[in-house]
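Residue-level listing of the chains:
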Amino acid sequence: MISALNRKLLRDLSRMKMQALAVAAVLACGIALFVMATGMHGSMDSARNAYYDSARMADLATAVVRAPDAVERDIAALPGVRGVEARIAGVGLLDLPGRSEPVSARFVSLPANREPRVNALVLREGRLPNPARDNEALVNEAFAEANALAPGAHIHALIYGKRRRIEIVGVASSPEFVFAVAPGSLLPEPERFGVVWMGREALGRAFDRDGAFNDVQLRLEPGVNPRVVSTAVDALLARYGGRGAYGRDRMISAQFLADELTSLRTLATVLPPVFLAVAVFLLNVSLSRLVATERANIGLLKSFGYSESAIALHYAKFALVFAVLGAVLGMVLGNWVGGVLADIYRNVYRIPSLDFSAGPRVYLAALIAALLAGMAGAAQSVLRATRLPPAAALAPPAPTSYGRLGAFVENAASRLDGKTRMVARRIARFPRRAATTVIGVAMALALLITSQHYPLSIDTIIAVTFGQAQRMDVMMTFPDPQDDSILRDVARLPGVLAVEPVRSTDVFLEAGSRRERNSLIGVARDARLNRVLDEHLNAVQPRADGLTLSQQLANKLDVRVGDIVRVSATDGHRATAQLPVVAIVKPYLAASAYMQMDALGRMLREPDRVTAVYLLIDQRQREAFSARAKQLPTIMSLSFVDNARNSMTRLLEQGSGFVATIFIVFSSMMAAGVAFSSARVTLAEQERDLATLRVLGFGRGEASYVLLAEMGALLLIALPLGCGVGVVLSRWLMSQFNTDLFNFPYVTNTVLYGRSVLFVAGAVIVATLFVRRGVDGLDLVGVLKSRD
Amino acid sequence: MQGNAPEPVFRLRGVRKQYGEGDAVVLALRGVDLTVRAGELIVLLGPSGSGKSTLLNILGGLDRPSSGDAFFRDLNLATAADGVVTEYRRHHVGFVFQFYNLIASLTAQENVDLVTEVADDPMPSSEALALVGLSPRADHFPAQLSGGEQQRVAIARAIAKRPTVLLCDEPTGALDVATGVRVLEAIVTANERLGTTTLLITHNADIAQLGDRVVRFADGAIRSVEVNLVRRQAAELHW
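Keep in mind the model is a prediction, meaning the values are calculated, not measured.

### Points about the interface of chain A and chain B
Inference 1: Between chain A and chain B, the residue contacts involve 27 residues of the former and 27 residues of the latter.
Inference 2: Among the secondary structure elements, those contributing two or more residues to the side of chain A that touches chain B are α13 (418–429), α20 (641–695) and α23 (780–785) of chain A.
Inference 3: Among the elements that make up the side of chain A that touches chain B, the one with the highest residue count is α13 of chain A (6 residues).
Inference 4: For the side of chain A that touches chain B, the residue count by class is 11 nonpolar, 7 polar and 9 charged.

### Re the nonpolar core
Inference 1: Core analysis: the largest hydrophobic core is formed by 318 residues, its most contacted members being Val26, Leu27 and Leu445 of chain A.
Inference 2: Leave out the neighbours within four places in its chain, and Val26 of chain A touches Phe275, Val278, Ala279, Leu282, Met670, Gly673 and Val674 of chain A.

### As for the confidence of the model for chain B
Inference 1: With 98% of its residues at a pLDDT of 70 or more, chain B shows a mean pLDDT of 88.
Inference 2: Complex prediction metrics read pTM 0.75 and ipTM 0.76.

### Remarks on helix α19 (residues 622–629) of chain A
All names here are of chain A.
Inference 1: Turning to α19, its buried residues number three or more, namely Phe625, Ser626 and Ala629. Down the axis of α19, the smallest arc covering the buried residues is 100°, so these residues share one side.
Inference 2: For α19, the secondary structure elements touched by its buried residues are β12 (474–483), β13 (496–511), β21 (609–617) and β22 (637–640).

### Remarks on the packing of helix α7 (residues 252–293) of chain A against helix α21 (residues 700–737) of chain A
Residues and elements named next belong to chain A.
Inference 1: Put simply, α7 and α21 touch, their axes get as near as 9 Å, and they point 145° apart. Here α7 contributes Ser263, Thr266 and Val270 to the contact with α21, which in turn contributes Leu733, Gln736 and Phe737.
Inference 2: In terms of residue class, the contact of α7 with α21 is made up of 3 nonpolar, 3 polar and no charged.

### Let's talk about the domain arrangement of chain A
Residues and elements named next belong to chain A.
Inference 1: Annotation of chain A at the domain level lists domain 1 (1–55 + 252–397), domain 2 (56–251), domain 3 (430–470 + 641–788) and domain 4 (496–617).
Inference 2: Averaged C-alpha coordinates put domain 3 and domain 4 at centres separated by 45 Å.
Inference 3: Facing the 11 residues of domain 3 at the interface are 11 residues of domain 4.
Inference 4: Class assignment for the residues of the side of domain 3 that touches domain 4 results in 6 nonpolar, 4 polar and 1 charged.

Scoring rules and cut-offs
- Residues numbered from 1 in each chain as written.
- Chains lettered and ligands numbered in written order.
- Predicted model: local features only at pLDDT ≥ 70, side-chain atom pairs only at ≥ 80, totals over all residues.
- Contact = placed C-beta atoms within 7 Å.
- Helix = DSSP H or I, 4+ residues; strand = E, 2+ residues; numbered from the N terminus.
- Nonpolar A, V, L, I, M, F, W, Y, C, P; charged D, E, K, R; others polar.
- Core = buried A, V, L, I, M, F, W, Y, C linked by C-beta atoms within 7 Å.
- Buried ≥ 20, exposed ≤ 12 C-beta atoms within 10 Å, placed from the backbone.
- pLDDT = per-residue confidence, 0-100.
- Arc of directions from axis to C-beta.
- Axes fitted to C-alpha atoms, helices over the stretch in contact; angles between N-to-C directions.
- Domains from an automatic or database assignment.

Have a look at this one:
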């Protein structure tokens with residue numbers, strides 16, 4: 001049996017259903033975003049961890065020039081080491097049938113007759129290579145798909161200038177290459193970079209490492225400090241040319257995954273609260289309106305002997321229903337969008353069993369957040385309801401007390417007609433009510449603006465990186481530092497118009513107790529093809545007398561211009577130097593350290609060496625250039641910048657782009673919800689005045705003017721405010737998304753702002769016109785005979 | 001008497017009004033015939049739910065009969081288009097309700113201005129306020145006026161356009177006797193000085209003595225029509 005009070009609740013709710021839906025929809029957007037982002041974060045985090053666990057992902061890795069096989073046992077005996085895999089690894093080129101441009105590949109050895117102890121493979125198709133045959137190989141899944149390679153296919157490999165025929169016998173995934181990125185590249189290009197696993201013997205011969213290894217992957221016992229183990233490993237491998245062990249934070253695939261998880265977490269923690277805040281606002285408006293119209297009923301209930309808490313509970317239940325409705329809608333929506341997102345992520349990240357599933361804790365948190373939002377929105381109105389003394393509630397309400405406005409406004413108002421004066425005085429009399437609408441609309445606009453900044457920022461990164469920073473056509477990298485005489489060989493390749501050398505090396509940077517492993521890039525004097533840009537996009541010439549650091553790296557090392565950083569090379573002579581920080585820049589991509597190239601060569605005690613070259617080529621001779629370039633004996637990878645740009649655009653549009661789209665859709669929905677809700681409340685508040693105007697003989701249009709003019713005036717205040725908040729919110733959000741690899745710039749774009757303003761203004765106008773139909777249907781007699 | 005009787009303003013023939021359908025049908029008016037002549041002050045008397053408000057709403061163009069004809073001069077309010085009815089309200093009808101329905105954000109004078117701004121031949125707002133004895137309070141907002149004063153502003157607003165008819169639905173229902181008397185005086189003044197045909201709803205039999213005729217309602221029909229040979233002054237009333 002439903003109590004009379006609850007029956008009243010149900011009736012009132014069905015009367016307010018449109019309003020309830022608008023508030024619930026805004027709440028649902030926030031909840032959906034939260035469920036999607038938190039759920040996706042959790043799903044990806046656990047899928048990654050499960051994959052890393054089951055496939056024994058390495059905790060530490062190091063390259064070494066050449067260490068005898070026996071050293072593997074010494075490493076395995078180190079305290080804290082759970083498993084070791086000593087391998088042959090190296091880079092080379094692949095020649096694919098029907099493709100003139102060479103493809104880079106990372107070759108990795110597989111132990112004979114057993115599974116790798118670290119970085120196990122998941123065989124997707126075919127079989128493992130037969131250790132007795134030296135021409136059988138596995139390739140990674142993304143590469144196989146992108147190039148339509150299946151078991152049975154034959155390709156050619158170029159290792160140290162030697163060409164050999166390889167048969168693909170299977171397709172595999174590895175936790176090491178969830179994201180397969182070519183050396184020197186920043187993003188995966190599955191068409192142009194592959195991983196090739198072959199037998200240990202075959203690769204040992206190809207890379208001239210018979211009876212030795214050049215790559216070590218380690219798993220550690222749980223709870224062991226990787227830094228302690230890496231120091232021990234480095235000491236062991238020093239005499240064999242160890243390059244310094246590094247953890248997952250420097251493994252590019254792991255780093256990418258961690259970055260994506262970070263941005264999902266940012267999305268989950270930063271945005272839903274903003275949506276919830278707006279929902280709180282709307283709920284507050286709806287419920288205060290309800291309590292105002294319920295004055296007499298509240299008085300009546302109190303006179304019947306209902307307690308204050310019973311009345312408080314009754315009105316709190318409205319908020320409860322809104323909140324639960326919003327939460328349920330949001331959970332269903334979030335779960336669905338999360339499923340779609342997981343499909344997209346599965347394509348980008350090669351993680352087995354990556355399914356969207358938000359656990360009960362996520363749903364519980366969503367429900368609690370919705371309820372808290374509901375309660376926060378209702379608190380004020382509920383308090384007002386309980387505080388109303390029964391006698392006051394039963395007496396007819398005094399007309400709202402208005403006064404004259406300031407002389408200036410009154411002067412202006414005296415020139416207005418009566419209806420406009422009504423609007424002006426109402427806004428001035430109830431600044432908080434007006435502010436609620438203004439803030440709601442402004443927040444919706446700000447969110448819409450902010451939501452579009454992420455894709456805009458990405459577009460800017462791509463445009464600046466490939467338009468202003470990297471102006472070369474081709475990047476060619478070498479496996480080892482080469483004598484700079486190679487520049488002459490390269491310049492003689494067909495179609496080459498300009499050659500610019502670069503020297504980069506992995507170093508440890510130390511300042512105080514901070515220690516970072518990073519690349520130190522030696523930039524040629526007057527570099528034109530690959531320039532270091534500051535945040536104002538001015539070219540910065542790295543200096544010879546010190547380090548130019550990216551802002552991210554400077555933050556990690558906690559150094560400012562003038563501070564001294566200790567630099568130790570990880571290869572060659574393992575030179576060390578104390579260098580001052582001479583400049584800090586904010587590049588959009590990749591946090592690195594820079595120096596003038598010749599100075600770097602001197603510091604490393606290896607002058608006149610290069611590790612890569614940037615080229616301008618005549619595009620008409622692209623094929624001839626490719627054909628000849630792949631015959632160079634020392635080439636490691638060849639990357640055409642236009643390809644890289646396309647891959648990067650596609651990658652960013654796929655993953656984060658989808659999330660951004662969802663965000664834009666939700667922001668738009670919210671703007672519409674706020675618009676409708678505000679218009680509805682304004683109509684409800686004005687009902688009596690509008691009916692009076694109609695009875696006095698004003699037509700529908702004339703009466704509607706009062707509603708439209710008020711919404712219009714509030715809109716005019718809200719739009720500039722929303723743009724202002726949008727700027728602040730966008731700047732802040734972009735800074736939250738920054739990672740080691742990306743620095744998201746805030747970009748002012750008038751089209752974006754104009755489009756958002758038009759959308760929000762349009763939503764408010766359409767909602768107001770929709771609500772305005774209520775003026776036509778006003779029950780004149782009913783409204784005027786009621787006591788308000 | 002018939003030869004020089006004033007022309008009829010309203011002519012109602014067989015006006016019926018029903019709400020709802022099927023089992024829930026409510027007959028608010030069961031066939032009303034009534035002629036109202038120019039300048040008359042008619043008091044509609046009857047218990048709640050007897051149909052008097054429904055009739056007044058039909059006469060004011062706020063509602064339509066389910067069947068029958070309700071003529072204002074030559075305009076059949078039962079069948080006229082919405083826009084025509086709005087124009088009719090705008091130019092010919094003044095309303096006064098039990099709850100004054102002033103616009104709270106406008107002063108007394110501005111509430112009256114609202115009507116004079118759109119009427120064809122209004123009197124100055126100040127004159128309308130003077131007629132109800134409120135000239136000194138013209139600049140006050142509704143919240144600064146007593147209930148009786150607010151109702152008199154509503155009357156001033158209703159008569160400022162020099163309406164053909166003034167329709168008052170329990171204008172004293174929410175007021176005490178002394179205040180009610182002043183409100184009634186204002187209505188009678190408008191009727192006498194401006195010659196505005198006035199219909200006044202009340203369920204207070206004492207007030208009936210103000211009218212030229214008293215129409216008694218019960219169960220949606222007219223039970224009797226009495227003619228007051230002598231109209232009492234509002235000040236003589238007490239209840």
